[in-house]
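Report on the structure
So the chains spell out like this:
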Amino acid sequence: MRRITGEAKDETLIELHSVTDSHTGDENGGNSVDSLSERTTLPGNTETEKLQQNKDTVFFRDGVRRVDFVLSYVEDKDGEKKQERRRAFEANLEKEGLELETEDKSDAKDQRTYFLKIHAPWNVLATYADVLKIKVPFKTSDVPHGQDVPLEWLSHPFRLPEHIMRPQPDYFTYPFDKTKTDFFLINDKDTFFPPSTRNRIVYYILARCPYYKEGLKERDKTGIKRLLSNGTYTAAFPLHDCRYWKRARNAECESERYNLYQHWARFLIFYKEQPLNLIRKYYGEKIGIYFAWLGFYTEMLFFAAVMGVICFTYGLLSYEENVSSKEICNADIGGSIVMCPLCDKKCPFWKLNSTCLSSWQSHLFDNEGTVFFAIFMGIWVTLFLEFWKRRQARLEYEWDLVDFEEEQQQLQMRPEFEIQCTNKRLNKITQEMEPYLPATSKCARFCLSTATVIFWVTECVSPQYAVSLVSQRSHMCALPQVSLIVACIIGVIAYRLAVYAAFASIIKDPLRKIQLVGRFITPQLATSVTASCINFVIIMILNFFYERVAIWITDMEIPKTHLEYENRLTMKMFLFQFVNYYSSCFYVAFFKGKFVGSPGDYTYMFGRWSNLRNEECDPGGCLIELTTQLVIVMSGKQLWGNIQEALLPLMRNWWSSRKGRRHPENHYSRWEQDHALLNFTQLGLFYEYLEMVVQFGFITLFVASFPLAPLLALFNNILEIRVDAWKFTTQFKRPVASKARNIGAWQEILNAVAILSVVTNAFIMAFTSDMIPRMVFLYAYGENETMIGYVNNSLSMYKISQIHEDNMPEERDDWFGNSTTTCRYRDYRYPPGHNNEYSHTMQFWHILAAKMAFIIIMEHVVFVVKFLVAWMIPDVPTGVKARFKRERYLIQEYLHNYEVERLKLQLSASFITEPQSGMSLLTDKHEMVSECL
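Residues numbered from 1 in each chain as written. Predicted model: local features only at pLDDT ≥ 70, side-chain atom pairs only at ≥ 80, totals over all residues. Heavy atoms only, no water.

**Brief notes about the overall build of the protein**
Along the protein, the regular secondary structure elements total 33 helices and 17 strands. For the protein, with 933 residues in total, the buried portion stands at 51%. Considering only contacts within the protein whose residues lie at least 6 apart along the sequence, 78% involve residues at least 24 apart. Counting only carbon and sulfur atoms, one obtains 59% of the accessible surface of the protein, whose full area is about 44400 Å². (Helix = DSSP H or I, 4+ residues; strand = E, 2+ residues; numbered from the N terminus. Buried < 20%, exposed > 50% of the residue type's maximum accessible area, 1.4 Å probe, protein only. Contact = heavy atoms within 4.5 Å. Areas by Shrake-Rupley, 256 points an atom, 1.4 Å probe, with all protein chains shown as cover.)

**Brief notes about the environment of Ile-891**
Following the sequence through the fold, Ile-891 ends up in helix H32 (residues 878-913). Classification of Ile-891 by relative accessible area gives buried; the value is 9%. In this structure, the C-alpha to C-alpha distance between Ile-891 and Phe-172, residues 719 residues apart in sequence, is 7.3 Å. When residues no more than four places from it in sequence are discounted, the contact partners of Ile-891 are Phe-138, Thr-173 and Tyr-174.

**Let's talk about the confidence of the model for the protein**
Caution applies to low-pLDDT regions: their predicted coordinates should not be interpreted in detail. Per-residue pLDDT for the protein averages 78, and the proportion of residues at 70 or more is 78%. Long-range and interchain partners of residues 460-483, a stretch whose pLDDT sits below 50, account for 52 contacts in this model, where long-range means more than four residues apart. Throughout residues 925-933 the model reports pLDDT below 50, and contacts reaching past four residues in sequence, or to other chains, amount to 11 contacts. (pLDDT = per-residue confidence, 0-100.)

**A closer look at the state of the cysteines**
Every disulfide links exactly two cysteines, by a covalent bond between their sulfur atoms. Under the defined criterion, the tally for this structure stands at two disulfides. There is a disulfide in this structure between Cys-329 and Cys-356, and the S-S distance comes to 1.8 Å. Judged by the torsion about the S-S bond (100 degrees), the Cys-329/Cys-356 disulfide is right-handed. Of this pair, Cys-329 sits in helix H13 (residues 323-329) while Cys-356 sits in helix H14 (residues 356-365), placing them 27 residues apart in sequence. Here Cys-340 pairs with Cys-823 through a disulfide, and the sulfurs are 1.9 Å apart. The disulfide joining Cys-340 to Cys-823 has a torsion of about 85 degrees about its S-S bond and is therefore right-handed. (Disulfide = S-S within 2.5 Å.)

**Examining unusual backbone geometry**
Located in the positive-phi region is Ser-255, a residue other than glycine, with phi close to 55 degrees. Within the secondary structure, Ser-255 is located in the loop between strand S9 (235-237) and helix H10 (256-263). We classify Ser-255 as buried; its relative accessible area is 3%. Positive phi values are uncommon outside glycine, yet Tyr-838 reaches one of about 65 degrees.

**Some details on the nonpolar core**
In this structure, Trp-293, Tyr-297, Trp-380, Phe-384 and Phe-698 are the most contacted members of the largest nonpolar core, which totals 127 residues. Considering each element in turn, this core owes the most residues, 16 residues, to helix H12 (residues 285-317). Setting aside chain neighbours within four positions, we find Trp-293 in contact with Phe-384, Trp-388, Tyr-689, Met-692, Ile-743 and Leu-750. Counting residues in hydrophobic clusters, the runner-up holds 44 residues, among them Val-124, Leu-125, Tyr-211 and Tyr-898. (Core = buried A, V, L, I, M, F, W, Y, C linked by side-chain atoms within 4.5 Å.)

**So, the side chain of Arg-722**
Looking at the secondary structure, you find Arg-722 in helix H27 (residues 709-731). For the buried Arg-722, no salt bridge is present, and the opposite-charge side chain at shortest range is Glu-299, 9.3 Å distant. Within the structure, Arg-722 has its side chain in polar contact with the backbone oxygen of Ile-269 (distance 3.3 Å). Engagement of the side chain of Arg-722 in a polar contact is seen with the backbone oxygen of Phe-270, the distance being 3.4 Å. Not counting the four nearest positions on each side in its chain, Arg-722 is found in contact with Trp-264, Ala-265, Arg-266, Phe-267, Ile-269, Phe-270, Lys-272 and Glu-273. (Lys, Arg positive; Asp, Glu negative; His and termini not counted. Salt bridge = Lys/Arg side-chain N within 4 Å of Asp/Glu carboxyl O. Polar contact = N/O pair within 3.5 Å; in protein donor to acceptor, adjacent residues only side chain to side chain.)

**Some remarks on a nonpolar patch on the surface**
Judged by side-chain polarity, Phe-158, Phe-267, Leu-268, Phe-270, Tyr-271 and Leu-719 come together as a nonpolar surface patch covering roughly 600 Å² of accessible area. Overall, Leu-719 belongs to the partly exposed group, its relative accessible area being 30%. (Patch = residues over 30% accessible without salt bridge, like charges linked within 9 Å, V, L, I, M, F, W, Y side chains within 5 Å.)

**Considering the pattern of salt bridges**
Under the definition given, this model contains 33 salt bridges. Of the charged contacts in the structure, one is a salt bridge between Arg-826 and Asp-770, with a shortest N-O distance of 2.5 Å. A residue pair is termed long-range when its members are at least 10 positions apart, and Arg-826 in strand S17 (residues 822-826) and Asp-770 in the loop between helix H28 (745-768) and helix H29 (771-781) qualify at 56 residues. A salt bridge links Arg-829 to Asp-827, with the shortest nitrogen-to-oxygen separation between them at 2.8 Å. With respect to class, Arg-829 is no different from Asp-827; both count as buried. If you follow the salt bridges from partner to partner, you end up with Arg-61, Glu-101, Glu-103 and Lys-117 in one network.

**What about the packing of aromatic side chains?**
Aromatic ring pairs: the centre-centre distance and the angle between the two ring planes describe each pair. Scanning the model with the defined rule gives 62 aromatic pairs in all. Geometrically, the ring pair formed by Phe-138 and Tyr-894 is edge-to-face, given 6.1 Å between the ring centres and 65 degrees between the ring planes. You can see Phe-138 sitting in strand S7 (residues 135-140) and its partner Tyr-894 sitting in helix H32, a full 756 residues away along the chain. On the basis of relative accessibility, which here comes to 26%, the residue Tyr-894 falls in the partly exposed class. Ring geometry for Phe-728 versus Phe-732: centroids 6.1 Å apart, planes at 80 degrees, classification edge-to-face. Overall, the relative accessible area of 0% leaves Phe-728 in the buried class. Relative accessible area serves as the criterion here: at 11%, Phe-732 is assigned to the buried category. Across from the ring centre of Phe-59, 6.0 Å away, lies the NZ or CZ of Arg-66, which sits over that ring. Lys-733 extends its terminal NZ or CZ atom over the ring of Phe-237, reaching a point 5.6 Å from the ring centre. (Phe/Tyr/Trp six-rings, centres within 6.5 Å; stacked < 30°, edge-to-face > 60°. Lys NZ or Arg CZ within 6 Å of the ring centre and 35° of its normal.)

What follows is the structure in structure tokens.
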């Protein structure tokens, strides 16, 4: 190994671009010492000084060896210790066979950063490809892709060029074997392994290479991750193959980044399909499978969005036929009904027709079409998951991922696990000693992890709780500290209860000049909107803490493999996010207005002493408030997510690279350009999945309250695909290629959310929507099966003189001229003077029975259809099964023929070199060949 450095001040290296020099380098087998000496000259030669080295390249100075990885570092106060680590680490890299080349800081534009370029020669690549069982081509595939699709010409506007969709031919592949190199299609050893495979192999070496001196074995001094964390190196990354806005000058460079930008990362081509094979080839299977899933999810959202628009359109078209809203808005009906105060002291008596607008708004989302849409979404989510399994199975076959899971479990053990687990035991499968975590330690770590998760889940929003305390300082001076998810929900509820009275007194106060606003903004709506906004802000703040807690817990558990690490982190983070995002929606959907009590016996949140009466629903129902909550949190999250993903990386990269942009590309090296980009961390893809799965929860768990949620998600995802593509292509360093067979633990989370969504939507339709009470009235209590009189029927009476003093308004000298002795409230109870005064009527129990029956029927119908659909749709398409079996058969046949031919050559060689010893030897060899055949 020849290590080359650019520290010499008295000589200039010049890269010559002639074809002859390039051939000379190839003939020398990559050994660049002779060629370098010929290209070296002293300053002062005027002809030579006119030529300058083109630094925008992915090759070493010899122009032959490719840069597979780059490490950067700077010298600082702790330089000696770090320099010692670097020397030991780089010496061990050289022992592994890697070739290094250093760029001095004097050549860098910041005059302080060193760049260490790493090249993996053929021997290293072949050795580790054998170790990692990387599948490589051995024969061009003759299996047809599929049959022609009818009306395929309709999809031509959405298609990409064939060389972009299929950047390389299909091959039969087999795990690489260093002893059988002539079995594989190796035309050129320099290009046989693509750059993504090369950087994956180099990173595998870097992650396991120690940096202690020979003879001083210290287990914790291992791997590039630890060197990055202690500041020995500042960055470690593979190079992009070119600038994204133009092709590379070197014809040997693929310019795949340019193709990805032109055909994938620009928003103006949002209607085009994604070049998944090119994404997989450039970034690896793990990132490819994410974009495949995101694209498929977006395609399926189109059908849900269309059905949601139809449901919403039905609500608009049936607007004028809404009898209940007409009665509420009618001056003779709604205008004559005096309602009881909605809170103590601050809330006055009020007329029912003041909620006219909100009742019309409720009808848009709470109508007969909503029931159909809720059932449709229960079936849609099943179709989405089942069809994705089929798409995933096709990708597993096409991308050679069928047998990958076993390889990852056995071969890709996390370096942290190897370092921290000092105990070893015999692996019964491999018969080799391997590190393991004792059961006692594993149990202790699991218990601590579980306790931490419970603590953080049950301690969600102390800040919200503090807001409620500030809002209620006159009434809540001594509320006890509660534990966390309870504090999350209780904090928002307390805020809602505290500010409702303020909004009620401000909006309805005739002395204040906001009557115009008061017509459109009810106290319920104002409370719901402000509480939702506060809740959203606190959700964003808590995400910062949840991320760090989840990572700390997962690191403490010391998972064995990368797959196990990601799955554990996924479950914890989703649990945190589930509580964080959905708790407020669950409160509005299933608790608000359900435990209010009656005017003579109101229910209080912390007891009567707290003066916090439980919230009541609007006479139009609580569904419109759930819609408001869902729209604010979902839309706010999507807007903030796009700002974070697009604007922040753009501004950070602009700031870090603003000086380098002034220099021409031959002065601004490829490694410096990439060094200025953002790091793509190991958890980068994790957050992309998390964002989409949280969105999936919004459009499934609560979709009955907002049929337009799939449409919002569709628009967001169309933008999300292109933003993510732009971000990966232009704003991030090239990530290390890694494999993944599927979307991992996210599949199980999606299945769980799909099942839970059936239950939540059934309960929303039964208990949050007014659909069931309206149906019971229509078919059991209405005149001539009409909705006339429903509003009056759904409101109970209470004698004002019997209302407790603490529940009466502070200003009660005159409520509507003292024209009535009773007020109305939302419930089904007997009126004053009845034998069963203020107890529930029989209609209340009829409605409750109808709600429970609806839940049981809807759940069973949807679940039966779901399981029937899942049973009818096989997870693996029949064509994929047949192609897979065909490929397995051909692989075995070709491998058998190869072994036979190789044995024949060996026997022929032995006949030539060995003397003839008679017919017995010839007979033995013929028998051996016969056995092989």
